[in-house]
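Given next are the chains, with one letter for each unit.
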Amino acid sequence: MSTADTKRPSLAVAILAAGLGTRMKSDRPKVLHEVCGRPMLSYVIDAALSVSPERVVVVTGPDQDAINDILPVGCERAVQQERRGTGDAVRAGLEALQGFSGDVMVLYGDVPLVDGDFVAALHERHLEDAAAATLTTIELDDPGHYGRIVRGEDGQVVRIVEHRDASPEEREIDEINVGMYVFRADALRPALDKLESDNDQGELYLTDAVHLLLAAGHAVTSFESDDEEMCMGVNSRVELAVVNAAMRRRLLERLMLAGVTVEDPETTFVDYGVEVGRDTLIRASTHLLGRTTVGAACEVGPGCFLRDAFVGDRARVVSSHLYECVIGSGCSVGPFAYIRPNTVLAEGAKAGTFVEIKNSRIGERSKVPHLSYVGDAVVGKESNIAAGNITANYDGYEKHATTIGDRVRTGSDTTIVAPVTIGDDAFTAAGSVITRDVPAGSLAVAREQQKNVEGYAERRAARRLREQQQD
Ligand code: UD1
Ligand code: CA
């Protein structure tokens, strides 16, 4: 720790997340709604943690235990028993921070595009100005429903007025309250005690602490931002979509700058945490979701949907859906393949057109090129499952396993009735229904023998002629 650091007051962060999110019209807490596959609150927590505060307290409602599941280690939860407004929520946060003296940064859990640099800049401004409160503001072309910053003639902040409580003149103000603040804890505590609910919503507004601090003789300063994106709050699903689009663009830009070609960013969707290797080409209309990882020098898309999929290097995936699977290096998938959970395609394997594979391992360089269903199977290496093969794995009660060895060549339209094992180097004849094990190196023929009825066409034509003559 440098000497400069030792002089700094200690810092705690309170993140407000208890609101009902009424405008979301949802049964889920608002802050758990996802932005690029991740609860919006998690982004705010990340931003908070990046300034290395001593403590981070997330204020939630008593009925929001689901939020517990996403709190990282070192993050505490404070419960706001009744939703009496943002001022009351901070009070609940300070209760959890009992005995803490220093600076308290307050962030709202529904402003997910904020990042660590932004929060650090706010903190710096607060330390520079040595005020009792520093509030983040921004001028917007459309200040919408945000709280307005009222300044005096000298340009100093006088108070914040909520949109719904503002006079027509105050609504003309285009500088708004972003909802990120740093307060001196010992100044804030008494101000919160003085809050009153004489406003349109009957709530205790944190924003009213500003004029109460000024009235008590404290200095209040502002951190003026020009980054609209960082300041965007989510109150409805319309705003959620706007924020998602912005985050998606950020994630795609990060990938592109790391060496990934994104053919059409407009139609490419990536979740937070998705990794893609360099020189990979992502074609249009592709979704890479969940914990998906794509290796280097791959081509994915157009028209792919991957969720929790791992794809190795140099693989090619075209117009396919992949879920919870591992696609080895150099594999080829699609067009129009459906790769379901617990499937592993080993290096150089292929799952081709109209192929569905579930809970199976396809060995090195083995191919399932066309129109097949493979479920609960283990296929060895360099085998070829011909067109239209089916593993009949389900008897209506239980799933059964199929084992296929190395260098096996099944014939087209083979139905493999599990449980069954086909040994190494074996063949099956086209159209066979395999119900018994096939020993290594043998050919299984399990179909009717072909019978040719000679002279049939001539006899058929003669019969027709006789019938016509009788009429
Ligand atoms: C708030 C600000 C407004 C600002 C805007 C920026 C107040 C009174 N108003 O308005 O000036 O322009 O944010 O986005 O602060 N919460 C609780 N407990 C409660 C109420 C809310 O924890 O009792 C939490 C919510 O979960 C949310 C945050 O506080 O994360 C803000 O509450 P919200 O109701 O969304 O306030 P806004 O109307 O957006
Ligand atoms: Ca809000």
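Note that the structure is a prediction, hence the values are computed from the model and not measured.

Reading the values: the criteria
- Residues numbered from 1 in each chain as written.
- Chains lettered and ligands numbered in written order.
- Predicted model: local features only at pLDDT ≥ 70, side-chain atom pairs only at ≥ 80, totals over all residues.
- Heavy atoms only, no water.
- Helix = DSSP H or I, 4+ residues; strand = E, 2+ residues; numbered from the N terminus.
- Rg over C-alpha atoms; globule rule 2.2 N^0.38 Å.
- Buried < 20%, exposed > 50% of the residue type's maximum accessible area, 1.4 Å probe, protein only.
- Contact = heavy atoms within 4.5 Å.
- Salt bridge = Lys/Arg side-chain N within 4 Å of Asp/Glu carboxyl O.
- Pairing = 2+ DSSP bridges.
- Donors = N, O, S within 2.8 Å, 3.2 Å for Na, K, Ca; no water.
- Core = buried A, V, L, I, M, F, W, Y, C linked by side-chain atoms within 4.5 Å.
- Near = heavy atom within 4 Å.
- Polar contact = N/O pair within 3.5 Å; in protein donor to acceptor, adjacent residues only side chain to side chain.
- Nonpolar A, V, L, I, M, F, W, Y, C, P; charged D, E, K, R; others polar.
- Domains from an automatic or database assignment.
- Buried area = accessible area lost by both parts, 1.4 Å probe.
- Phe/Tyr/Trp six-rings, centres within 6.5 Å; stacked < 30°, edge-to-face > 60°.
- Lys NZ or Arg CZ within 6 Å of the ring centre and 35° of its normal.
- Axes fitted to C-alpha atoms, helices over the stretch in contact; angles between N-to-C directions.
- Parallel < 35°, antiparallel > 145°, perpendicular 65-115°, else oblique.
- Left-handed = near helix turned anticlockwise from the far one by under 90°.

A.B. asks: Tell me what's going on with the overall build of the chain, and back it up with residues and numbers.
C.D. replies: Scanning the chain for helices and strands turns up 9 helices and 39 strands. Taken against the 2.2 N^0.38 rule, which gives 23 Å for 471 residues, the C-alpha radius of gyration of the chain at 33 Å runs more than 25% over that of a compact globule. Across its three principal directions, the C-alpha atoms of the chain cover 115 × 65 × 40 Å. The buried share of the chain, reckoned over its 471 residues, is 49%. Here the analysis covers contacts within the chain between residues at least 6 apart in sequence; of these, 40% occur between residues at least 24 apart.

A.B. asks: Provide a residue-level description of the pattern of salt bridges, including the pertinent values.
C.D. replies: Under the counting rule described, the total for this entry stands at 27 salt bridges. One salt bridge connects E76 with R55, and the closest N-O pair in it is separated by 2.7 Å. Of the two residues, E76 sits in strand β5 (residues 75–79) while R55 sits in strand β4 (residues 55–60), which places them 21 residues apart along the sequence. A salt bridge links D425 to R407; the shortest N-O distance between them is 2.8 Å. Highlighted residues: D425 in the loop between β36 (420–422) and β37 (427–428) and R407 in the loop between β34 (402–404) and β35 (415–417), separated in sequence by 18 residues. The partly exposed category is assigned to D425, whose relative accessible area is 33%.

A.B. asks: Can you break down the pairing of β4 residue by residue, with the values?
C.D. replies: Buried residues dominate β4, accounting for 5 of its 6 residues. Note: strand β1 (residues 11–16) against β4, 5 bridges, orientation parallel. Within β4, the residue paired with A14 across the bridge is V57. Bridge count between β4 and β5: 5 bridges; the pairing is parallel. Residue pairing in the sheet places V58 in a bridge with R77 of β5.

A.B. asks: Can you tell me about the coordination of the calcium ion (ligand 2), naming the residues and giving the values?
C.D. replies: On the protein side, the calcium ion (ligand 2) has D110 (OD) and N235 (OD1) as donor atoms, found 2.3 to 2.4 Å from it. Placement of D110 in the loop between β6 (103–108) and α4 (116–129) and of N235 in the loop between β11 (220–225) and α8 (237–257) is noted, with a sequence separation of 125 residues between them. The exposure class assigned to D110 is buried, which follows from its relative accessible area of 14%. Taking relative accessible area as the criterion, N235 reaches 10% and is therefore assigned buried.

A.B. asks: Give a detailed account of the nonpolar core, specifying residues and quantitative values.
C.D. replies: One finds I15, V106, L107 and L206 to be the most contacted residues of the largest nonpolar core, which totals 71 residues. If we ignore the near neighbours within four places in the chain, the residues touching L107 are V13, A14, I15, L16, V44, A48, V119, G179 and M180. Judged by nonpolar contacts, the second largest core, of 58 residues, contains V243, A246, L252 and V368.

A.B. asks: Go over the site of ligand 1, please, and point to the residues and values.
C.D. replies: Within the structure, ligand 1 sits among 23 residues, and G19, Q80, Y108, E162 and N177 are positioned closest to it. Between ligand 1 and E162, the relevant distance is 2.7 Å, taken from an oxygen atom to a side-chain nitrogen or oxygen of the residue. Looking at the shell around ligand 1, the elements with two or more residues in it are α3 (86–96) and β10 (175–184). Residue composition of the shell around ligand 1, grouped by class: 8 nonpolar, 9 polar and 6 charged.

A.B. asks: Please give an account of the domain arrangement of the chain that cites residues and values.
C.D. replies: Taken domain by domain, the chain comprises domain 1 (3–231) and domain 2 (251–444). Between the C-alpha centres of domain 1 and domain 2 the distance comes to 49 Å. Taken together, the contact between domain 1 and domain 2 spans 5 residues of the former and 4 residues of the latter. Around 320 Å² of area is buried between domain 1 and domain 2 when both sides are counted, 60% of it from carbon and sulfur atoms. Seen at the junction of domain 1 and domain 2, the total is 0 salt bridges. Connecting domain 1 to domain 2 are 2 residue pairs in polar contact (both at pLDDT 80 or more).

A.B. asks: If you had to explain the side chain of N235 to someone new, which residues and values would you point to?
C.D. replies: Side-chain polar atoms of N235 contact the side chain of H145, separated by 3.3 Å. When residues no more than four places from it in sequence are discounted, the contact partners of N235 are R23, M24, K30, D110 and H145.

A.B. asks: An account of the sheet that holds strand β18 (residues 299–300) is requested, with residue identities and associated values reported.
C.D. replies: Strand order in this open sheet of 7 strands is β12-β15-β18-β21-β24-β27-β30, and the pairing throughout is parallel. Strand pairing shows two members of the sheet lacking a second neighbour, β12 (261–262) and β30 (367–370), which therefore form its edges. Pairing between β12 and strand β15 (residues 281–282): 2 bridges, direction parallel. Bridge pairing in β15 places T261 opposite L281.

A.B. asks: Talk me through the packing of aromatic side chains; I want residue IDs and the actual numbers.
C.D. replies: Enumeration according to the criterion identifies 7 aromatic pairs in this entry. Measuring from ring centre to ring centre gives 5.3 Å for Y43 and Y272, while their planes differ by 85°; the resulting arrangement is edge-to-face. Residue Y43 is located in helix α2 (residues 40–49), and its partner Y272 is located in the loop between β13 (268–270) and β14 (275–276); the two are separated by 229 residues in the primary sequence. Taken together through their ring pairs, the aromatic side chains of Y108, Y181 and F183 make up a single cluster. Across from the ring centre of F269, 4.1 Å away, lies the NZ or CZ of R248, which sits over that ring.

A.B. asks: An account of the packing of α3 against helix α6 (residues 185–193) is needed here, citing residue identities and associated values.
C.D. replies: As a packed pair, α3 and α6 sit with axes 10 Å apart at the nearest point and diverge in direction by 130°. The orientation of α3 with respect to α6, classified from their angle, is oblique. α3 and α6 meet at a crossing whose hand is left-handed. Contacts between α3 and α6 involve G87, V90, R91 and L94 on the former and, on the latter, L188, R189 and L192. Looking at side-chain class alone, the contact of α3 with α6 contains 4 nonpolar, 1 polar and 2 charged residues.

A.B. asks: Before we move on, can you summarise the sheet that holds β36 with the specific residues and values?
C.D. replies: Taken together, the 9 strands give an open sheet; going across it, the order is β14-β17-β20-β23-β26-β29-β32-β34-β36, and neighbouring strands pair in parallel fashion. The sheet terminates laterally at β14 and β36, the two strands that pair on one side only. Pairing of strand β20 (residues 310–311) with strand β23 (residues 325–327), which is carried by 2 bridges, proceeds in the parallel orientation. Following the sheet pairing, F310 is matched in β23 by V326.

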